[in-house]
Amino acid sequence: MTVAALDLPIAAPKSSSRAGIATVLLLPIALVNAIGFLLPVLNLAKMSFNEALAGGGIGEAFTTANWTGLLQDQFYLELLVNSVTVSLGITIATLLASYPIALYLHRASGMWRTFLTVLVISPLMTSAVVRTYGWIALLAEQGPVANVIAAMGFQPPRMMFNTTGVVIGLTEILMPYMILSLMAGFGRLDPKIEEAAQTLGATPFKTFWRIVLPLTLPGIALGCLLCFVLAISSFITPKLMGGGRVFLLATEIYDQAIVTLNWPLAATLSMLVLIIFGLALAVYSRVLQMIDQG
Amino acid sequence: MADNPTSWSMRVIVGLLFLFLLAPVLLVFPISFSGDDVLAFPPNSWSLRWYEELVGNSVLMSAFLTSIGLAVVVTALSLIIAVPASYAIVRLKVTGSEFLFNLFTAPLLLPTIVLGLAILIIFASMGLLATFTGLVIGHLVITLPYALRVLSVSLGNLNLACEEAASTLGARPLVVFLRITLPMMASGIVAATALCFLVSFDEVVITLFLTGPRITTLPVELFHHVESQADPLVASASVLLILMTLAVVVTVDRTMGLTKAFIK
């Protein structure tokens, strides 16, 4: 990713030891990056090929046992399929819940638009723990949502400590990211085009289907990529709302690392998450190509 | 948009979706004034007892102080490290500066659960687990990319004329930087400060891997509390967290206008 600012013309200092000065200035950040990022991540990749010994020990010998074991274990295959399915479900739910808001914000103007945009961003500044806690209160067995459903004459479903709760909570938590991505992609949407379609006799539905939706596809693709990778790697909400009954990749990584102390397995699962990230990115660029070619 | 009025059905849908988006955060406020023993909404009675519990809870209070101290140290270090780095990358533009920029902001691309585990394993061998130093380094890994990004954009947007004039008039590079460049970067520095503080203060996942019984932060303690029991204590603590965030945002807004600081 490049920053436009980097391409500005630069006034070159007279000193010929520019590289020397730069090295000194960059040394601290390079040090933190090396100790806190490069070294740990490379070590993690290496550890996924180390043997897990009894009692939390780690064998130094190279082995592909973690990987082959993972791919042959029914539990982990289900975990993988489950994580991807749930994350895709969350992505679609987030898109459906966010699209109307983004479209409305795109058409709003002035102070009203600023106010609503601040409302959209404000949950981002609130800790995921706090928002998940709010959902636990909302979805509890005798909670407000269950009461409303009961008042309408239905039997309230169980919404806590199962996948339903995790999907509802994560959908809400990811909505700001989706709304902002959609709005960033709505730039091509000119009200004049919609007016033209309607003047020419298109119904509102047809205008949406043939004009609005195709023009907003790049924003949709970006938002879906972002929400999918955030959903599949999210930990706080599935851990707290799943109550130990919902098994997803991220919660399993934590349990293996902290509870079972099987670091090589946790490392292998982490690498699996990164591979899924790579695949999601590949799908995204393929989708963008298809959109470009119409 | 007078000639394209939004239909009523659309407004109702958008209103309901906004309610969905904001409900969990808004709910925390009434629950924090609950008089009940357990988490329930609406509360059966009202009181300030959970605020009293919060202030009287030594674990949460010391975690809160740790969080503040940590955020202050991390923010200060982030600026001290990222300001020179952004100068080197944007102004000195050495070979490979674009690669370095990408490398230094790369930690943000990794999921925090993976990054947290990776740091845990390395820190365990260095004896940095459950230490203040370990937490500072762990947080720097994710605050530095934000700081570097914001400061680089801010530096790149500056007009070079003032700096060139000062140089022409004989000021040494360091003097030019301290007297001209740094003051002109003020809005970027304020934005980076607020961002680093909030990111550090709210960080849970990486911190979860690096804390222990000896040292813990408020978000991590709240996570453990929600995990083990459901009472309104977390609501009053959440209100505290939200007010902290609001204070930072309002301070930034008062200093320079939020839009100016963040959207530039």
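Residues numbered from 1 in each chain as written. Chains lettered and ligands numbered in written order. Predicted model: local features only at pLDDT ≥ 70, side-chain atom pairs only at ≥ 80, totals over all residues.

K.L.:
It is not clear to me how the overall build of chain A should be interpreted in this structure. Could you clarify?
P.N.:
If you tally the helices and strands in chain A, you get 13 helices and two strands. Its C-alpha atoms give chain A principal-axis dimensions of roughly 75 × 70 × 35 Å. Scored against the burial criterion, the 294 residues of chain A give a buried share of 39%. Taking all contacts inside chain A whose residues are at least 6 apart in sequence as the whole, residues at least 24 apart take part in 70%. (Helix = DSSP H or I, 4+ residues; strand = E, 2+ residues; numbered from the N terminus. Buried ≥ 20, exposed ≤ 12 C-beta atoms within 10 Å, placed from the backbone. Contact = placed C-beta atoms within 7 Å.)

K.L.:
Please explain the overall build of chain B as it appears in this structure.
P.N.:
Of regular secondary structure, chain B possesses 13 helices and zero strands. When its helices and strands are written in sequence order, chain B yields α-α-α-α-α-α-α-α-α-α-α-α-α. Taken along the three principal axes of its C-alpha coordinates, chain B extends 75 × 65 × 30 Å. Burial status across chain B gives 45% buried among its 264 residues. In chain B, once contacts between residues fewer than 6 apart in sequence are set aside, the share between residues at least 24 apart is 73%.

K.L.:
What should I look at first to understand the packing of helix 3 (residues 74-107) of chain A against helix 10 (residues 217-232) of chain A in this one?
P.N.:
Pairs of packed helices are described in terms of their axes, by the angle between the two and the distance that separates them. Residue and element names in this part refer to chain A. At a minimum axis distance of 9 Å, the contact between helix 3 and helix 10 shows a crossing angle of 135 degrees. Compared by their axis directions, helix 3 and helix 10 come out oblique. For the crossing formed where helix 3 meets helix 10, the hand is right-handed. Judged by residue contacts, S83, V84, S87, L88, I90, T91, T94, L95 and S98 of helix 3 engage I220, G223, C224, C227, F228, A231 and I232 from helix 10. (Axes fitted to C-alpha atoms, helices over the stretch in contact; angles between N-to-C directions. Parallel < 35°, antiparallel > 145°, perpendicular 65-115°, else oblique. Left-handed = near helix turned anticlockwise from the far one by under 90°.)

K.L.:
Looking at this structure, I do not really get the interface of chain B and chain A. What am I missing?
P.N.:
Many analyses report the size of an interface as the accessible area lost when the parts associate. Listed per partner, the contact involves 77 residues of chain B and 69 residues of chain A. Classifying every residue of the side of chain B that touches chain A gives 61 nonpolar, nine polar and seven charged. (Nonpolar A, V, L, I, M, F, W, Y, C, P; charged D, E, K, R; others polar.)

K.L.:
Just checking my understanding: could you explain the pairing of strand 2 (residues 58-62) of chain A for this structure?
P.N.:
The two faces of a sheet get side chains in turn, since along a regular strand they alternate between them. All names here are of chain A. Sparse coverage of strand 2 is indicated by the burial of zero of its five residues. Relative to strand 2, strand 1 (residues 50-52) runs antiparallel, the two being bridged by three bridges. What sits directly across from E51, in strand 2, is G59. (Pairing = 2+ DSSP bridges.)

K.L.:
What should I look at first to understand the packing of helix 1 (residues 18-47) of chain A against helix 3 (residues 58-92) of chain B in this one?
P.N.:
Packing of helix 1 of chain A against helix 3 of chain B brings their axes to within 8 Å, and their N-to-C directions diverge by 135 degrees. By the angle between their directions, the pair helix 1 of chain A and helix 3 of chain B is classed as oblique. Helix 1 of chain A and helix 3 of chain B meet at a crossing whose hand is left-handed. Across the interface between the two elements, R18, I21, A22, L25, L26, P28, I29 and V32 of chain A of helix 1 of chain A pack against I81, A82, P84, A85, Y87, A88 and L92 of chain B of helix 3 of chain B. For the contact of helix 1 of chain A with helix 3 of chain B, the residue count by class is 14 nonpolar, no polar and one charged.

K.L.:
I keep staring at the confidence of the model for chain B and nothing clicks. Help me out?
P.N.:
In low-pLDDT regions, the fine details of the predicted coordinates are not to be read closely. All names here are of chain B. Per-residue confidence for chain B gives a mean pLDDT of 88; residues scoring 70 or more make up 94%. Within chain B, helix 13 (residues 258-262) has the poorest average pLDDT of any element, 53, and helix 6 (residues 132-156) the best, 95. Scoring the predicted complex yields pTM 0.87 and, for the interface, ipTM 0.86. (pLDDT = per-residue confidence, 0-100.)

K.L.:
Any chance you could explain the environment of P100 of chain A here in plain terms?
P.N.:
Mapped onto the secondary structure, P100 of chain A falls in helix 3. On the basis of neighbour count, P100 of chain A is assigned to the partly exposed category, with 18 C-beta atoms found within 10 Å. Spatially, the C-alpha atom of P100 of chain A lies 9.1 Å from that of I179 of chain A, the residues being 79 residues apart in sequence. Setting aside its immediate chain neighbours within four residues, P100 of chain A contacts M10, I13, V14 and L17 of chain B.

K.L.:
Please clarify how the nonpolar core should be interpreted in this entry.
P.N.:
Generally speaking, soluble globular proteins have nonpolar side chains that are buried together. Core analysis: the biggest nonpolar cluster contains 154 residues, and A82, A85, L117, I119 and L144 of chain B have the highest contact counts within it. Considering each element in turn, this core owes the most residues, 15 residues, to helix 3 of chain B. Per-domain counts for this core show at least three residues from each of domain 1 (19-65) and domain 2 (67-292) of chain A. Those residues in contact with L144 of chain B, other than ones at most four positions away along the chain, are I29 and V32 of chain A together with S78, I81, A82 and F104 of chain B. (Core = buried A, V, L, I, M, F, W, Y, C linked by C-beta atoms within 7 Å. Domains from an automatic or database assignment.)

K.L.:
I tried to follow helix 3 of chain B on my own but got confused; where do I start?
P.N.:
Helix length check: helix 3 of chain B, at 35 residues, gives a terminal C-alpha distance of 50 Å against a target of 51 Å (1.5 Å per residue), a fit within 8%. Positive phi appears at K93 of chain B, one or two residues downstream of helix 3 of chain B, with a value of about 40 degrees. (Expected span 1.5 Å × (residues − 1).)

K.L.:
Just to check I follow, could you spell out the environment of P43 of chain B for this structure?
P.N.:
All names here are of chain B. You can see P43 is positioned in the loop between helix 1 (8-32) and helix 2 (49-56). Residue P43 is classed as partly exposed on the basis of its 19 C-beta neighbours within 10 Å. Taking the C-alpha atoms as reference, P43 lies 8.3 Å from F33; in sequence the two are 10 residues apart. Contact partners of P43, with chain neighbours within four places excluded, come to P30, I31, S34, G35 and D36.

K.L.:
Looking at this structure, how should I read unusual backbone geometry?
P.N.:
In most cases, non-glycine residues show a negative phi, while peptide bonds are predominantly trans. With a phi close to 55 degrees, L261 of chain A is a non-glycine residue in the positive phi region. Inspection of the secondary structure puts L261 of chain A in the loop between helix 12 (249-259) and helix 13 (263-292). Unlike most non-glycine residues, A130 of chain B shows phi in positive territory, near 55 degrees. Examined against the element boundaries, A130 of chain B turns out to sit in the loop between helix 5 (112-126) and helix 6.

K.L.:
Where do I start with the domain arrangement of chain A in this structure?
P.N.:
Residue and element names in this part refer to chain A. Assigned domains of chain A: these are domain 1 (19-65) and domain 2 (67-292). Between the C-alpha centres of domain 1 and domain 2 there is a distance of 31 Å. With 11 residues of domain 1 at the contact, the number on the domain 2 side is 12 residues. The set of elements that each furnish at least two residues to the side of domain 1 that touches domain 2 consists of helix 1 and strand 1.

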